[in-house]
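# Descriptive structure summary
The residues making up each chain are set out below.
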Amino acid sequence: MTGHLHLGVALDGYGWHPEAWRHTPDGEPVTSGRYWSNLAATAERGLLDFVTFDDALTPQRRRRAEIEPRWLAGRPDAVLVASRVAPTTRHIGLIPVATVTHTEPFHVSKAIATLDFVSRGRAGWQVRISGTPHESELFGRRDLSAVDLFEEASDAVEVARRLWDSWEDDAVIRDATTGRFIDRDKLHYIDFVGKYFSVKGPSITPRPPQGQPVVAALAHARPAYEFASRIADLVFITPKDDGSLRSILGEVAQVGGNRLKVYADVFVSFSGITDERSDALVFDGTPTALVDLIMDWQQMGIDGIRLRPSVNVTDLPAIVDDVVPILQRANRFRMGYDEGETLRHRLGLPAAENRYTEASS
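Read on for a plain summary of the structure. What you see is a predicted model, and the numbers here were worked out from it, not measured in a lab.

This part takes up the overall build of the chain. The helix and strand tally for the chain stands at 11 helices and 13 strands. The C-alpha atoms of the chain give a radius of gyration of 20 Å, which matches the 21 Å a tight globule of 361 residues would have. Taking the principal axes of its C-alpha atoms as reference, the chain extends roughly 65 × 50 × 45 Å. Among the 361 residues that make up the chain, the fraction classed as buried is 54%.

Here the bond from Gly 201 into Pro 202 is cis, since omega is -5 degrees, no more than 30 degrees from zero. One non-glycine residue, Asp 191, lies in positive phi territory at about 45 degrees. With a relative accessible area of 46%, Asp 191 lands in the partly exposed category. In this model, Asn 331 sits at a positive phi of 60 degrees, which is unusual for a non-glycine residue. By the element assignment, Asn 331 lies in the loop between helix H9 (312-329) and helix H10 (343-346). Look at Asn 331 and you get exposed, because its relative accessible area is 57%.

Here helix H7 (residues 242-254) contains 13 residues, and its C-alpha end-to-end distance of 18 Å stays within 8% of the 18 Å for a straight helix at 1.5 Å per residue. For H7, every residue scored as buried is listed here: Leu 245, Ile 248, Leu 249 and Val 252. Take H7 and look down its axis: the buried residues cluster within an arc of 100 degrees, on one side only. The exposed residues of H7 that point more than 90 degrees off its buried face are Arg 246 and Gln 254. Of the surrounding elements, those touching the buried residues of H7 are helix H6 (222-231), strand S10 (234-237), strand S11 (261-269) and helix H8 (287-299). If you check the start of H7, you find a side-chain oxygen 3.2 Å away from the backbone N of Gly 243, and it comes from Asp 241.

This brings us to the nonpolar core. Ranked by size, the top nonpolar core spans 91 residues in total, and within it Phe 53 and Trp 125 carry the most contacts. For this core, the element with the most residues is helix H5 (residues 149-165), which contributes eight residues. Residue contacts for Phe 53: discarding those within four places in its chain leaves Leu 11, Trp 36, Ala 78, Val 81, Ala 82, Val 85, Leu 94, Ile 95, Pro 96 and Val 97. Counting 10 residues, the second largest nonpolar core, distinct from the first, contains Phe 50, Ala 216, Tyr 263 and Leu 349.

Turning our eyes to something else, we now look at empty space enclosed by the protein. What the rule picks out here adds up to one cavity of 30 Å³ or more. Looking at the largest cavity, its volume works out to about 200 Å³. Around the largest cavity, the lining is made up of 24 residues, and of these Asp 12, Gly 13, Arg 61, Leu 72 and Arg 75 lie nearest the centre. Considered class by class, the residues forming the lining of the largest cavity number 13 nonpolar, five polar and six charged.

Definitions and limits used
Residues numbered from 1 in each chain as written. Predicted model: local features only at pLDDT ≥ 70, side-chain atom pairs only at ≥ 80, totals over all residues. Heavy atoms only, no water. Helix = DSSP H or I, 4+ residues; strand = E, 2+ residues; numbered from the N terminus. Rg over C-alpha atoms; globule rule 2.2 N^0.38 Å. Buried < 20%, exposed > 50% of the residue type's maximum accessible area, 1.4 Å probe, protein only. Expected span 1.5 Å × (residues − 1). Arc of directions from axis to C-beta. Contact = heavy atoms within 4.5 Å. Polar contact = N/O pair within 3.5 Å; in protein donor to acceptor, adjacent residues only side chain to side chain. Core = buried A, V, L, I, M, F, W, Y, C linked by side-chain atoms within 4.5 Å. 1 Å grid on protein atoms, 1.4 Å probe; cavity = no way out; pocket = protein on both sides within 12 Å on 5 of 7 lines; lining within 4 Å. Points joined across faces, edges and corners; volume = space filled by probe spheres on them. Nonpolar A, V, L, I, M, F, W, Y, C, P; charged D, E, K, R; others polar.

Put into structure tokens, the structure is as follows:
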């Protein structure tokens, strides 16, 4: 592949190293909206495609119920963080994680639709499932032993997508002459009935500016690749080297993921603060070496790279001020954003047609 590279950045806590807080000077806490707005502004200064905001049903990035006292504990809600950041940015895409296993898709769909309105067409949604008993116990509503979590999540995304389409783009007419605010014929029941959900609709939120906000998934193995190929526009993969990248791309293609945009995750440190427990490749080198890796992997067939800064306050500025200029000098990265561009358009995704408009036309 040739042409301009695509770069995103993943934000979580003080960084992707679980003890990044020890390397972060006293300042805004992770519960501060200003903290996240400043990080997003830095990423936007680097002209990155998007930022993702990580989230989970656990206070730490671990599957165990016990709290590790050395690690950052506590996190704000990612969708609300993205909505707080949206008015302080103009161009960068905003993709929060929202877990579907214990969450009603009706609520998630209107939250992401609202984010798309607030950001004027820059919203996405990284879908996550939750399979641990202690997370289930937080809600105490059901036994997950008989639930196929990927199947349930697929239904949840399908419900959300139908709800996004349940208002036609021109449903709001504001006709003072007839006294009608809305054309009722342009609202549609979705009438979804599945194994896990029965949702009538329509949404209470009008159709988002993008029609369909970008849906993403993180995938480590074949069942997750299959899930992403069914429901997502964008998949984040975690190769460890060139060989595993080739293997993963082959698996994604085998399960029908040829239409997916594929971004490879890389844990990035420029100061030796690394975490070998990372599920993604751990990079600890110079900006030039990172650029070489990025360009090599693009040649192998990925659409983009999502970088995970080890320590946000030091590694994110290095990405913006050192890595991006090298790519720009090589004519491999944009020199500016296109005004008014949606996230779908930036990622090269097709315009989202409304299924109900097509059915009634």
